[in-house]
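# Tertiary structure, described
Listed here are the chains, written in short residue letters.
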Amino acid sequence: MIRASAALAALLVGVSAGAASFDFSVDPRFELLGVVRLLAGKAGPAKSDYRDRVATRFAPFREHPAVQLYRELAAREEGLATLPIYYTNPPELSLKEDDADIHYVNGPGEAEETQRFLHELRDFARVSDFSGFFRDNAADYAALENAERASSRGVDPVAAIEAYLGLRLSARSHYVLSPLSAATRAFISPYPLPPANAGARSFEVYSVSPDLVAKGFSNVLWHEPLFVFIDPAFYYFEKLNIPDLPAFYGRDVAACRATSPDCVKHFAVAAILEHIDRRAGVPPTPDADRHPASALERRYVAALSSRLDEYDAHRDRYPTWWDFLPRWFSVFQELAPVREPRKLTIPTDPKIRAAADFFDPPTIAALLRAASR
């Protein structure tokens with residue numbers, strides 16, 4: 001195992017750098033949703049004493065309108081899963097920001113359905129005394145949180161990513177331990193994809209899982225926070241350098257990108273995660289938890305990871321990952337292959353030092369001007 005250097009270790013351990021940029025917690029908002037989900041009969045975690053306690057304690061409320069609505073709205077489960085991040089703790093569940101841009105409520109009738117569900121969820125929390133149940137289980141939740149912190153080896157994920165990128169994420173990560181979760185889910189608020197959310201100065205990252213660290217540092221601790229910088233950086237780099245995407249990426253990658261706009265980002269993130277794992281001295285993600293990689297993905301991730309070796313070795317030349325992007329993106333032209341490669345550049349002004357810089361209105365204007373030349 002590769003050990004972290006003393007300088008990196010200081011960045012990784014939250015207590016040595018002041019207030020940590022992340023937290024582990026069992027969150028009552030997500031746990032309330034988990035209770036309703038369990039009562040609705042949706043697939044959940046394996047049997048456990050805690051699950052049995054929940055089923056017994058809340059059995060009288062199995063036919064509550066909130067539970068019935070959850071069953072009806074099951075097709076919108078991904079959207080329902082994000083709701084807690086926009087609301088205060090139960091039973092009030094008040095909207096935290098009046099102008100919140102709530103994900104997954106833009107389809108016909110979805111806003112009305114969401115408000116109806118929230119109304120019933122508030123009632124469920126009150127009549128079932130969910131808050132009393134949550135307090136009664138505080139010791140169990142604290143034990144889960146402490147076990148997860150111990151498993152994380154004191155690593156501050158945001159600091160680790162910032163150390164590798166040489167850039168601030170402008171983010172705080174919330175790792176929500178949810179014993180009733182059926183799957184690992186992640187969300188960012190506001191979502192860092194330009195040109196929306198101009199003026200955003202910080203981002204809240206939520207990763208929700210029944211067992212965070214066991215899923216692997218790459219899958220959970222590093223993965224979602226990394227997108228706070230990846231999404232805006234890729235957006236502007238393509239604007240600045242790639243007027244013809246199929247010609248630049250070649251047929252195979254262009255087809256992958258057309259099917260999934262995040263295709264290229266996922267190749268890049270997989271390569272970066274390998275290197276952050278190495279620098280932090282943590283085990284790689286277990287093979288059983290990785291998604292099956294296509295031959296195309298394996299080829300590009302290997303090439304991108306190899307090119308990152310150059311970045312690692314020459315941080316004096318490339319103080320930030322943004323500075324390295326022209327060299328790194330050349331991998332795509334080399335593998336395509338492109339007969340006449342484009343010269344790839346980033347502007348020296350404005351200087352990008354943080355993810356939030358991509359959402360600063362004057363910086364947006366300057367980047368767009370540079371892209372139009």
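For the structure given in this document, a descriptive report is provided here. (Residues numbered from 1 in each chain as written. Predicted model: local features only at pLDDT ≥ 70, side-chain atom pairs only at ≥ 80, totals over all residues. Heavy atoms only, no water.)

## Some remarks on helix 6 (residues 110-127)
For helix 6, with 18 residues, the first-to-last C-alpha span of 26 Å sits near the 26 Å given by 1.5 Å per residue. The complete set of buried residues in helix 6 reads Thr114, Phe117, Leu118, Glu120, Leu121, Arg122, Phe124 and Ala125. Buried residues in helix 6 make contact with helix 2 (28-39), helix 4 (65-72), helix 5 (77-82) and helix 7 (130-136). Count one or two residues on from helix 6 and you reach aspartate 129, which has phi positive near 50°. (Helix = DSSP H or I, 4+ residues; strand = E, 2+ residues; numbered from the N terminus. Expected span 1.5 Å × (residues − 1). Buried < 20%, exposed > 50% of the residue type's maximum accessible area, 1.4 Å probe, protein only. Contact = heavy atoms within 4.5 Å.)

## Regarding the packing of aromatic side chains
One pair of aromatic rings is described through two measures. These are the centre distance and the angle between the planes. Scanning the model with the defined rule gives 34 aromatic pairs in all. An angle of 40° between the planes, with centres 6.5 Å apart, marks the rings of phenylalanine 130 and phenylalanine 133 as tilted. In this pair, phenylalanine 130 and phenylalanine 133 both sit in helix 7, three residues apart, roughly one turn of the helix. (Phe/Tyr/Trp six-rings, centres within 6.5 Å; stacked < 30°, edge-to-face > 60°.)

## Section: the layout of surface pockets
In this structure, the second largest pocket spans a volume of roughly 360 Å³. Along the walls of the second largest pocket sit 16 residues, with Tyr86, Glu97, Ala100, Ser189 and Pro190 positioned nearest its centre. Among the elements that take part in the lining of the second largest pocket, strand 4 (residues 203-209) stands out by supplying three residues, more than any other. A per-class count over the lining of the second largest pocket returns seven nonpolar, four polar and five charged. (1 Å grid on protein atoms, 1.4 Å probe; cavity = no way out; pocket = protein on both sides within 12 Å on 5 of 7 lines; lining within 4 Å. Points joined across faces, edges and corners; volume = space filled by probe spheres on them. Nonpolar A, V, L, I, M, F, W, Y, C, P; charged D, E, K, R; others polar.)

## Examining unusual backbone geometry
The phi torsion of most residues other than glycine is negative, and most of the peptide bonds are trans. At the junction of alanine 336 and proline 337, the peptide bond is cis and its omega measures out at -20° in the coordinates. Notably, leucine 93 is not glycine yet its phi reads approximately 45°, a positive angle. With respect to the helices and strands, leucine 93 occurs in the loop between helix 5 and helix 6.

## A few points about the nonpolar core
Ranked by size, the top nonpolar core spans 111 residues in total, and within it Phe124, Trp222, Phe229, Trp321, Trp322, Trp328 and Phe329 carry the most contacts. The contact partners of tryptophan 222, leaving out residues within four places of it in the chain, are Val155, Pro157, Ala160, Ile161, Phe217, Leu273, Ile276, Asp277, Ala280 and Val282. (Core = buried A, V, L, I, M, F, W, Y, C linked by side-chain atoms within 4.5 Å.)

## Brief notes about empty space enclosed by the protein
The full count for this structure, using the stated rule, is three cavities of 30 Å³ or more. Taken as a whole, the largest cavity encloses approximately 170 Å³ of empty space. In this structure, the largest cavity is lined by 15 residues; those nearest its centre are Leu33, Ala81, Ser181, Arg185 and Val208. Elements with a contribution of two residues or more to the lining of the largest cavity: helix 2, helix 5 and strand 3 (185-189). Tallying contributions element by element places helix 2 first for the lining of the largest cavity, with four residues.

## Points about the state of the cysteines
For the structure on display, the rule yields one disulfide. What pairs with cysteine 256 in a disulfide is cysteine 263, and their sulfur atoms sit 1.8 Å apart. Its S-S torsion of about 105° marks the bond between cysteine 256 and cysteine 263 as right-handed, since a negative value means left-handed. The exposure class assigned to cysteine 256 is partly exposed, which follows from its relative accessible area of 23%. Cysteine 263 gets classed as buried once you look at its relative accessible area, which sits at 4%. (Disulfide = S-S within 2.5 Å.)

## Observations concerning helix 4
An α-helical turn contains 3.6 residues, so a residue and the one three or four places further along point in the same direction. For helix 4, the complete set of buried residues consists of Ala66, Val67, Leu69 and Tyr70. End-on view of helix 4: buried residues confined to an arc of 165°, all on one side of the axis. Next to the buried residues of helix 4 lie helix 2, helix 5 and helix 6. (Arc of directions from axis to C-beta.)

## Here we look at the environment of tryptophan 322
Here tryptophan 322 lies in helix 14 (residues 321-335). Taking relative accessible area as the criterion, tryptophan 322 reaches 2% and is therefore assigned buried. Remark: the alpha-carbon pair of tryptophan 322 and isoleucine 352, spanning 30 residues in sequence, is separated by 7.6 Å. In this structure, tryptophan 322 is in contact with Leu167, Phe229, Ala233, Tyr236, Phe237, Leu240, Ile346, Ile352 and Phe358, ignoring residues within four places of it in sequence.

## A look at the packing of helix 11 (residues 245-259) against helix 12 (residues 263-280)
Between helix 11 and helix 12, the shortest axis-to-axis distance is 7 Å and the interhelical angle comes to 100°. For the element pair helix 11 / helix 12, the angle class is roughly perpendicular. Note on element contacts: helix 12 touches helix 11 through Cys263, Val264 and Phe267, opposite Tyr249, Val253, Cys256 and Arg257. Class assignment for the residues of the contact of helix 11 with helix 12 results in six nonpolar, no polar and one charged. (Axes fitted to C-alpha atoms, helices over the stretch in contact; angles between N-to-C directions. Parallel < 35°, antiparallel > 145°, perpendicular 65-115°, else oblique.)

## Concerning the pattern of salt bridges
Following the criterion strictly, the structure yields 16 salt bridges and no others. Between aspartate 23 and arginine 172 there is a salt bridge whose closest N-O contact spans 3.2 Å. With a gap of 149 residues between them, aspartate 23 in strand 1 (residues 22-25) and arginine 172 in strand 2 (residues 171-177) connect regions that are remote in the sequence. (Salt bridge = Lys/Arg side-chain N within 4 Å of Asp/Glu carboxyl O.)

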